[in-house]
Amino acid sequence: MNVHNKPNEPVLDSYWMPFTANRQFKAAPRLLASAEGMYYTSADGRQVLDGTAGLWCVNAGHGRRQIASAVERQLTQLDFAPSFQMGHPIAFDFAERLAEIAPGPDGAKLDRVFYTGSGSESVDTALKMAIAYQRAIGQGTRTRLIGRERGYHGVGFGGISVGGILNNRRVFPQLAGSDHLRHTHDLAKNAFVKGQPEHGVELADDLERLVALHGAETIAACIVEPVAGSTGVLIPPKGYLEKLRAICDKHGILLIFDEVITGFGRLGAAFATDYFGVTPDLVTTAKGLTNGAIPMGAVFASRKVHDALMHGPENAIELFHGYTYSGHPAACAAGIVTLDIYRDEGLLTRAADLEDDWQTAMHSLKGLPHVIDIRTIGLIAGIELASRDGAPGTRAYDVFVDCFEKGLLIRVTGDIIAFSPPLIAEKKHFEDIVSILGDALKRAA
Ligand SMILES: Cc1ncc(COP(=O)(O)O)c(C=O)c1O
């Protein structure tokens, strides 16, 4: 707070903001002060409809008192406990609850749960698990990790190595040997599609090409987002994920789904794994795990991966990996209540009920200025705008600022607008999104 201690006027100098154009932002800040249900309230007192569930996190909507109370109770009872060679009951309780809804079919659920503090940590954890698994089964030469162009897997060195976003990679060194499939985005063939596009299944064969290039005996795992979010909502073509699974099986490669945004109901099933009916070996999560209230991530591992590592002398640590905040009591408390809310309000499948209205609303924006594609799945939409000549990203950014001023929070990446509203949304919210965004598009130069 500044010297006058006015609540809405913080001093902006010291905070180095993440993934933000700091100087531009600080010249004209956008500050959120509180939140309830589907709405933020800005620091200057305006209601802002949350079109993005924060950052794909707040699936049950904002201001859930049950979560706040559970966290308060937990902090009073046991604020912190070490999780290395020690345990505390709520971490086990939460894992049992997660195991009940774990991704995968009954009988083959990925019901072994490893806690992390974020999506990035979940990704690096899963990549390490994959390499450790291969070594444990006598495949120690398999250390190569395969990702995909335009993939986003957080910002750890593992995550940026398999990720495929140039700006996240160009300044930093990457893990030796990591390689990439091509992305599946093809506007020429797949524009304005509802749900999974028809064209592009053959792009999964890229994995065969990488096997031919590097040798299967060097590849530990392949990681993809079932629906890529951060590079602008890329929906897998029909048959693509199935084909990736088959190629992985054929060559002894583990398949990892990064479900940091698709986990916990975003598509209308608990996980994209269930929605698409394709079961990977590891699933990374975060965000909706605690409704965004307390930072936490989790990796769901198959019994195959988990059990392969439960070998050797019983006094040996099986996986030399973990975080101080793995299984933090307050995060577990938030997570258990979050699961209660999801269950009691049917939120993990609600996107399926909303999907028709959502698609109709989003696709009604077709024909507005600059719109070159609209794609939707579950309660997600990507709206792609034509870029300004020589100034990519500026048009969508202007629309983003305009929408915020008119009371709607959207997310932009390049010239693509991504929507992922809380799963408590109703039809009237879709209408408001269409109306505010539509007007902003008409105003955009
Ligand atoms: C698919 C995916 N993986 C990983 C991450 C990284 O998560 P975090 O920012 O919690 O580290 C994100 C964040 O948006 C994501 O969308």
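As annotated in an unreviewed UniProt entry, the protein carries the name Aminotransferase class III-fold pyridoxal phosphate-dependent enzyme and is attributed to Shinella kummerowiae. UniProt's Sequence similarities (unreviewed entry) comment on the protein is quoted here verbatim: "Belongs to the class-III pyridoxal-phosphate-dependent aminotransferase family."

Visitor: What exactly am I supposed to notice about the overall build of the protein here?
Guide: In terms of regular secondary structure, the protein is built from 16 helices and 15 strands. Oriented by its inertia axes, the alpha-carbon framework of the protein measures out at about 65 × 55 × 40 Å. Counting the 445 residues in the protein, one finds 48% classified as buried. In the protein, of all internal contacts separated by at least 6 residues, the share reaching a separation of at least 24 is 71%.

Visitor: Explanation requested: the site of the ligand in the structure shown.
Guide: In the neighbourhood of the ligand, 14 residues make up the surrounding shell, with Ser118, Gly119, Ser120, Gly154 and Val260 lying closest. It is helix α5 (residues 119-136) that contributes the most residues to the shell around the ligand, three residues altogether.

Visitor: Explain the sheet that holds strand β14 (residues 411-413) to me, please; I cannot follow it from the model alone.
Guide: The pairing of strands in a sheet happens through backbone hydrogen bonds and is either parallel or antiparallel. Judged by pairing direction, the sheet is antiparallel, and its four strands sit side by side in the order β11-β12-β15-β14 without closing on themselves. The sheet terminates laterally at β11 (371-377) and β14, the two strands that pair on one side only. Strand-to-strand twist of the sheet, defined as the mean angle between neighbouring strand axes without regard to direction, takes the value 20°. Of the strand pairs in this sheet, β14 and strand β15 (residues 416-419) are connected by three bridges, and their pairing is antiparallel. Along β15, the bridge assignment pairs valine 412 with isoleucine 417. Along the sheet, helix α14 (residues 347-363) contacts β11 and β12 (380-385); its crossing angle with β11, the most-contacted strand, is approximately 175°.

Visitor: How should I be thinking about the domain arrangement of the protein in this particular structure?
Guide: Often, the extent of an interface is quoted as the loss of accessible area upon association of its parts. Each assigned domain of the protein is listed with its residue range as follows: domain 1 (22-60 + 346-443) and domain 2 (70-344). Summarising the inter-unit geometry, the C-alpha centres of domain 1 and domain 2 are found 26 Å apart. Domain 1 puts 34 residues into the contact, and the matching count from domain 2 is 28 residues. Contributions of two or more residues to the side of domain 1 that touches domain 2 are made by α2 (53-56), α14, β11, β12 and β15. For the side of domain 1 that touches domain 2, the leading source of residues is α14, giving nine residues.

Visitor: Even after reading the chapter, I still don't get unusual backbone geometry, so can you show me in this structure?
Guide: Residues apart from glycine generally show negative phi values, whereas peptide bonds are mostly found in trans. Positive phi, normally seen in glycine, also occurs at tryptophan 56, with a value near 65°. Counting through the fold element by element, tryptophan 56 comes out in helix α2. The backbone of arginine 150 shows a phi angle near 65°, a positive value even though the residue is not glycine.

Visitor: Mind showing me how you'd approach helix α15 (residues 394-406) here?
Guide: Owing to its 3.6 residues per turn, the α-helix brings residues three or four apart onto one side. Its 13 residues give α15 an end-to-end C-alpha distance of 18 Å, which sits within 8% of 18 Å, the value for a rise of 1.5 Å per residue. Within the span of α15, buried status applies to Arg395, Ala396, Val399 and Cys403. Seen from one end, α15 has its buried residues packed into an arc of 90°, which puts them on one side. Each element contacted by the buried residues of α15 is listed here: β12, β13 (408-409), β14, β15 and α16 (427-443). Looking at the residues trailing α15, positive phi occurs at glycine 407, about 100°.

Visitor: Can you walk me through the sheet that holds strand β6 (residues 179-181) in this structure?
Guide: If you walk across this open sheet you meet the seven strands as β4-β10-β9-β8-β7-β5-β6, and the pairing is mixed. Of all the strands in the sheet, the pair left with one neighbour each is β4 (112-116) and β6. Strand-to-strand, the axes of this sheet are offset by a mean angle of 25°, without reference to chain direction.

Visitor: Would you take a moment to explain the pairing of strand β9 (residues 282-285) for this structure?
Guide: Looking down a regular strand, the side chains alternate between one sheet face and the other. Here β9 shows a buried face lined by Leu282 and Thr284 and a second buried face lined by Val283 and Thr285. As judged from the three bridges shared by strand β8 (residues 254-258) and β9, these two strands associate in the parallel manner. The residue of β9 that forms the bridge with phenylalanine 257 is valine 283. In this structure, β9 lies alongside strand β10 (residues 297-301), joined through four bridges in antiparallel fashion. In the strand pairing of β10, leucine 282 is matched with alanine 301.

Visitor: How do you make sense of the environment of leucine 339 when you look at a structure like this?
Guide: Along the polypeptide, leucine 339 turns up in helix α13 (residues 329-344). In sequence terms leucine 339 and alanine 70 are 269 residues apart; their C-alpha atoms lie 12 Å from each other.

Visitor: How do you make sense of helix α3 (residues 65-77) when you look at a structure like this?
Guide: Taking 1.5 Å of rise per residue, 13 residues should cover 18 Å, and α3 covers 18 Å from first to last C-alpha, within 8% of that figure. By the burial criterion, the buried members of α3 are Ile67, Ala70, Val71 and Gln74. In an axial view of α3, the angular spread of the buried residues amounts to 100°, which keeps them on one side of the axis. For α3, the exposed residues set more than 90 degrees away from the buried face come down to Arg65, Ser69, Glu72 and Thr76. Structurally, α3 contributes buried residues whose contacts are with α4 (89-100) and α13.

Visitor: Just to check I follow, could you spell out the environment of histidine 306 for this structure?
Guide: Mapped onto the elements of the fold, histidine 306 is located in helix α12 (residues 303-309). Given 20 C-beta atoms within 10 Å, histidine 306 falls into the buried group. Along the sequence, histidine 306 and methionine 129 sit 177 residues apart, while their C-alpha atoms lie 8.6 Å from each other. Those residues in contact with histidine 306, other than ones at most four positions away along the chain, are Arg112 and Ala301.

Visitor: Would you explain the pairing of β8 in this entry?
Guide: Taken across its five residues, β8 has five buried, putting it largely inside the fold. For the crossover from strand β7 (residues 219-224) across helix α10 (residues 240-251) to β8, the handedness is right-handed.

What counts, and where the lines are drawn
- Residues numbered from 1 in each chain as written.
- Predicted model: local features only at pLDDT ≥ 70, side-chain atom pairs only at ≥ 80, totals over all residues.
- UniProt positions renumbered as here; feature names shortened; annotations may be inferred.
- Helix = DSSP H or I, 4+ residues; strand = E, 2+ residues; numbered from the N terminus.
- Buried ≥ 20, exposed ≤ 12 C-beta atoms within 10 Å, placed from the backbone.
- Contact = placed C-beta atoms within 7 Å.
- Near = placed C-beta within 6 Å.
- Pairing = 2+ DSSP bridges.
- Axes fitted to C-alpha atoms, helices over the stretch in contact; angles between N-to-C directions.
- Domains from an automatic or database assignment.
- Expected span 1.5 Å × (residues − 1).
- Arc of directions from axis to C-beta.
- Right-handed = clockwise from strand over helix to strand, strands pointing away.

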